[in-house]
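Listed here are the chains, written in short residue letters.
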Amino acid sequence: MPVSLLWAVDVYGRVYGLSTVGQQWDQCRDAQMEFKRVTAAQECCWGIACDNNIYLNVHASDLSIRYQEETYENQRWNPVDGFSERLLPSDRWQWSDVTGLQHQPLDSFQLPSSSWEWEGDWYVDENFEGEPTEKGGWTYAIDFPATYTKDKKWNSCVRRRRWLRYRRYKAMDTWAKIPSQHTTLPDPFSDISCGGWEISEEPRGRLSLWAVSLQGKVWFREGIYHQNPEGASWEEVLLPGEVVQISCGPADLVWAVLWEGQLIVREGISRDCPKGASWAIVESPSSDVGATHVAVGNNVVWVVTKDNKVWFRRGVNSHNPCGSGWISMVGEMIMINVGQNDQVWAISSEDRAVYFRQGVTSSELSGKTWKAITVPRDRDRSQSSASANSLQSAGCFFCGEVRAPSVASDAESDLEKGSADGPGCLVTSTSPDTFVDAPSDPPADTPKPRIPKVTSDSFISELVSDRESGKTSRDVGKATPTVLEEDTISHEGDAKAPCAGVALSPSQSGGPLDTQWSNVDLEEAQSQQAQTGAVLDSADTCSLSSVATYTLAMEDPYGGDEHPLWAWVSGGGCSVDSHSQLSWFNSVNTASLVQSVQSMSLSVSPAQTAAWRKQIFEQLSERTRREIDNFKHYEQAIEQSVWVKKGSMQWWRDWKPHKWIDVHFALEQFSGPEGNKDGILFIYYNYYEEKKYLHAFINEVTILVPVLNDSKHTFAIYTPERTKQRWPIRLAAATELEMHDWLALLSVSCCDSRGIQGPPSKQAIWSITCKGDIFVSEPSPGLEAVPYPTPCDQMFWRQVGGHLRIVECNSVGIVWGIGFDQTAWIYTGGYGGGLFQGLASSTDNIYTQTDVKSVYIYENQRWNPVTGYTNRGLPTDRYMWSDASGLHECTRANTKPPSPQWTWVSEWAIDYSVSGGTDREGWQYAADFPASYHGYKTMKDFVRRRRWARKCKLTTTGPWQEVPPIALSDVTILPCAAQSTVDMVPVWAISNKGDVLCRLGVTALTPAGSSWLHVGTDQPFKSISIGAASQVWAIARDGSAFYRGSVSPQNPAGDCWYHIPSPAKQKLKQVSVGRTSVFTVDENGNLWYRQGVTPSYPQGSSWEHVSNNVRKVSVGPLDQVWIIADKVQGSHSLSCGTVCHRLAVQPMQPKGQSWDYGIGGGWDHITVRGNSVEPPHIRLPSLADMSTLSPRSLLEVRNTEVDSGTSGC
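All values reported here derive from a predicted model rather than from experimental measurement.

Q: Which residues make up the overall build of the protein chain, and what are the values?
A: Scanning the protein chain from N- to C-terminus turns up 13 helices and 75 strands. Relative to its 1209 residues, the protein chain shows a buried fraction of 53%. Restricting the contact set of the protein chain to residue pairs at least 6 apart, pairs at least 24 apart contribute 59%.

Right, here's the structure in full:
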């Protein structure tokens, strides 16, 4: 669960934030500002202040918000001056935008507001489509506009170059005023709501902001996205009536409340039209009572009516935004808010507390019950802690009855009555003159007090002025007792309201008894205390009586011990779901508990503790001698046992026709005289009515792989022989639970037979399948030996709990991973998790892990002269609804999540972020299936397709902890030597937006580090790698390579980027750097080695082709090379996604000679950057020694396949 904030505003206009992992409300900065309402998103929060201005609070991040300003300088050639600024009258401006239509000189660019600052001056962009240009950055063409090239030709008559300048948003974690437009708005805003971040992923961070003015008009904020968080301008939206409140969901739901109590729904909201097209009217849930408040999410609508009743709208979705009917819910609220994952928060009309709706899931959107959030505020905790300290320091221990020898009898009776019926009251004065009889009930003719106006907002004032005085006397006895705060009176100027029958002396109250109250009167304070209770400042186990007090400060309108009164809550930026573990519902002050325990333990001296330990140790030693040493002459018993587990499964038989057949499966495990364990697998099947069996020794099993299948619960068993054949033993269990039990049992048996226990070592090799399963292998010392390495297919792989897309490690033991949802995770040092429970998993360092990924299907159409594009294709065409290959039919109705562990979390939606671009409706065009697709239609395009996406979520467990808050697309860790003593380990990463980041504070003890350092780039990147000598290489999204200069422990971010030309006509996609070697993979699957890399010239000189059919490459700290290869020939078919090891890699031959094939297919990632164990040195036999070798030893030398132009990886 990512760390996020729940925002709330109290009745005094102060804004607080509650973290999903926190236990207190933290007041926001700019505490002097007062707000009416706030609306939050994941990365920011908008608010309406009491000065009626709109403010924006952007969350601080290690990744800064940068906006690139660009303009083009255009020149034309003439015979006299050559290229000059003299253009033809029909030409574009000398300084223009990319189209040439808008005049953009350098001095015309201004900062949009005071929240921005320039990073530097204008400079020329010398990069053109991934290739460096000539000095000056000019690109040439025949005329304006035309296709530009970096090379000057004889017919190049015009040229242009791009100038760049970056500005940075500096107003982070503070409330920044949104600048007003040139034309001022007719009236101020009264309500605001943001959402719409799920409508489209482009541009990044796009938001929809809706606002309501005091005149009932609705406005829409244009141009809000990541690089422009303030937006551009306000645009009015036409309405069928006057609106009082509006709510915008994360997707395309927008509802509003009219003055008459009706509701209106915005229709036609889409990616190209975020404002929508029209309004539809929905009647209030109750015909007699109109609606006052509405809140919408992804697929839910909640409404509060004027009688504070809560209603839920059923049947709401993107296709039917109006829903189908109302359902009455339990509870009375004044406002309600829906956040991410359709989670619901509300503010109660009775006690003004924030409530959370528990039990909201995708299958039960209405939830189950309301639960109050009872955590204190940051000011509450400090005050209650101070009060507890003052009591304990004074040595005051109170019983249930308060005694004061100088108190009058009537005062004593009142005290006793207070002790019996309500909270006890403490009297600290020693003078009888200071006691005044106070009536327990206010007189009947006393006018009802009214709270003065505390802010300039009438709505907030009304929230606290409508309290019923009748609840005061009725509920005072129910107030939760608290500890009296003595020390806070004198220096804060607080005045405390006495409880029934007790008054404080002037010396105690900090002034005379008729102190001037501020903001809130006495009766209101008592009513608040009686209704909501106070925070417990001392545990019941301390035998301390608690005293109820009421604090009224000039600066703090209500004391720290009172329950705050809330006016508004916003959960749009709060990422929680039904599985989230929240600490919001525990009202016990844990600080007081700790203090109490500490006070109780003060009586135990260190000398006593040492004596006890010595005594216990002597007793245990005596017991050992008595029970064990006296029986040493007996012969030790040796236990030999055989254990068998049987079951029924299905087996994918080895011979054709391949099909599933019913078999009996048995595991026979036995332990030897020395405690070693081993076992055999048996598969019993019938072959033409003859009973046969297939067996495999447990110590020969190299890996157990769960296979995701939507119809069967299957897993595969590999041995070295079956790894060569690319044909594992495939078994299917009847249920998912049975499959998990067998996998866990077999995994433990395999580890026992090989003597492997506990977490992976620091030298382990990590790999990930295309399904996200994580495997780890302990490398043998001879794995990198030359010339006879350990065969790659004999490596044993065991599974680690969790779900990742990328994993990287080094020999210090630091392991980072990235999920499919681009969340960063850090390895905690545990093992097991997921399907491995009990003895197969560690008891600590196992945490809940979630991952989200998208499932894609394609809608295909063919053009015909009569009807145009339709879903009627030729008989030879692919399915009209298919996967990416077109070979499998995949419709929106029958497509299921990848496995039962995944659940849908969104509906099907058109995906516009497809490589090659799309048109406005998401279509891509081509001449035929399959072909190269583009996002525009031409005369030769007879087919088209568009991609649909739907998100699914997996919840599992594993030894991984999240590293918030920036989403990453790639990560790399410095590969250290085996005996390295590096204090700070450099970790570089690429964010999902293409920014380059350097992690600071990473050590073996703190592998997560402390903060991110942003490294500036001129374009987004997609791959990065750091070598053993701190050499950093990166690949940009346009396929070009870059080298970062001057990276060192003293300068971890380096100085500048050096552009490295890509191989001819190739675009690179991934890079890996070892000790001295640099390898890259291009988009066509070619593996390249960088020649000429030396310490004096680390950029190298040229690229040399090594192999083809390569998906990923990993270069280790010893320059060892491992890849994920495609199209590896097996006994039945080609295998895609195979782990391969490059053989004969030596300092004089860094490219190696041939490939050794390991586990596969279905693998997607591997890293060997933790294996820094030097291989043993093997002496090659001489010719004289060859005669002494036996024929068997010669046969044991493994034959490996040498690269060829067509079949090699």
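Here the narrative resumes.
Q: Mind laying out the packing of aromatic side chains, listing which residues take part and the relevant values?
A: Enumeration according to the criterion identifies 43 aromatic pairs in this entry. Summarising the aromatic geometry, the rings of tryptophan 25 and tryptophan 566 are spaced 4.6 Å apart at their centres and angled 45° between planes, so their arrangement reads as tilted. Of this pair, tryptophan 25 sits in the loop between strand 2 (15-19) and strand 3 (26-27) while tryptophan 566 is found in strand 34 (residues 566-570), placing the two residues 541 residues apart along the sequence. A ring pair is formed by tryptophan 1033 and tryptophan 1103, whose centres lie 6.3 Å apart and whose planes are at 75°; its orientation type is edge-to-face. Of this pair, tryptophan 1033 sits in strand 61 (residues 1032-1036) while tryptophan 1103 sits in strand 67 (residues 1102-1107); the two residues are 70 residues apart in sequence, bridging distant segments of the chain. Neither residue differs from the other here; tryptophan 1033 and tryptophan 1103 are each classed as buried.

Q: Could you give an account of the sheet that holds strand 27 (residues 309-314), naming the residues involved and the relevant values?
A: Taken together, the 7 strands give an open sheet; going across it, the order is 25-26-27-28-29-30-31, and neighbouring strands pair in antiparallel fashion. Each edge of the open sheet carries a strand with a single partner, namely strand 25 (291-296) and strand 31 (369-372). The sheet shows a mean angle of 40° between the axes of neighbouring strands, taken without regard to direction. Two strands pair when backbone bridges link them, and strand 30 (residues 354-358) and strand 31 are joined in this way by 4 bridges, in the antiparallel orientation.

Q: Just give me the short version of unusual backbone geometry, but keep the residues and values in it.
A: With an omega dihedral of -25°, the bond running from phenylalanine 144 to proline 145 counts as a cis peptide bond. Within the secondary structure layout, proline 145 lies in the loop between strand 14 (139-141) and strand 15 (158-169). Residue proline 657 is reached from lysine 656 by a cis peptide bond, and omega for that bond is -5°. Among the secondary structure elements, proline 657 is positioned in the loop between strand 35 (642-652) and strand 36 (660-671). Positive phi values are uncommon outside glycine, yet asparagine 52 reaches one of about 70°.

Q: Break down the UniProt feature "domain: Peroxin/Ferlin" (unreviewed entry) in the protein chain for me, citing the residues and quoting the values.
A: Here the UniProt feature "domain: Peroxin/Ferlin" (unreviewed entry) sits at residues 64-125, 137-170, 850-911 and 922-955. Taken end to end, residues 137-170 is 0% helix and 44% strand, and its two terminal C-alpha atoms sit 30 Å from one another. The distance from the first to the last C-alpha atom of residues 922-955 is 31 Å, and the span holds 0% helix and 50% strand.

Q: Describe the side chain of threonine 1003, naming the residues involved and giving the relevant values.
A: In this fold, threonine 1003 is placed in the loop between strand 58 (996-1000) and strand 59 (1011-1015). For threonine 1003, a relative accessible area of 15% gives the class buried. Polar contacts involving the side chain of threonine 1003 include one to the side chain of threonine 1006, which spans 2.7 Å.

Q: Please set out a nonpolar patch on the surface residue by residue, giving values where relevant.
A: Where nonpolar side chains cluster on the molecular surface, the patch consists of Val642, Val644 and Phe670 and spans about 250 Å² of accessible area. Relative to the helices and strands, valine 644 resides in strand 35. Residue classification places valine 644 among the partly exposed residues on the basis of a relative accessible area of 42%.

Q: Which residues make up the side chain of asparagine 228, and what values do they have?
A: Considering the arrangement of structural elements, one finds asparagine 228 in the loop between strand 19 (218-222) and strand 20 (233-237). The residues contacting asparagine 228, other than those within four sequence positions of it, are Trp116 and Gly223.

Thresholds applied
Residues numbered from 1 in each chain as written. Predicted model: local features only at pLDDT ≥ 70, side-chain atom pairs only at ≥ 80, totals over all residues. Heavy atoms only, no water. Helix = DSSP H or I, 4+ residues; strand = E, 2+ residues; numbered from the N terminus. Buried < 20%, exposed > 50% of the residue type's maximum accessible area, 1.4 Å probe, protein only. Contact = heavy atoms within 4.5 Å. Phe/Tyr/Trp six-rings, centres within 6.5 Å; stacked < 30°, edge-to-face > 60°. Pairing = 2+ DSSP bridges. Axes fitted to C-alpha atoms, helices over the stretch in contact; angles between N-to-C directions. UniProt positions renumbered as here; feature names shortened; annotations may be inferred. Polar contact = N/O pair within 3.5 Å; in protein donor to acceptor, adjacent residues only side chain to side chain. Patch = residues over 30% accessible without salt bridge, like charges linked within 9 Å, V, L, I, M, F, W, Y side chains within 5 Å. Areas by Shrake-Rupley, 256 points an atom, 1.4 Å probe, with all protein chains shown as cover. Salt bridge = Lys/Arg side-chain N within 4 Å of Asp/Glu carboxyl O.

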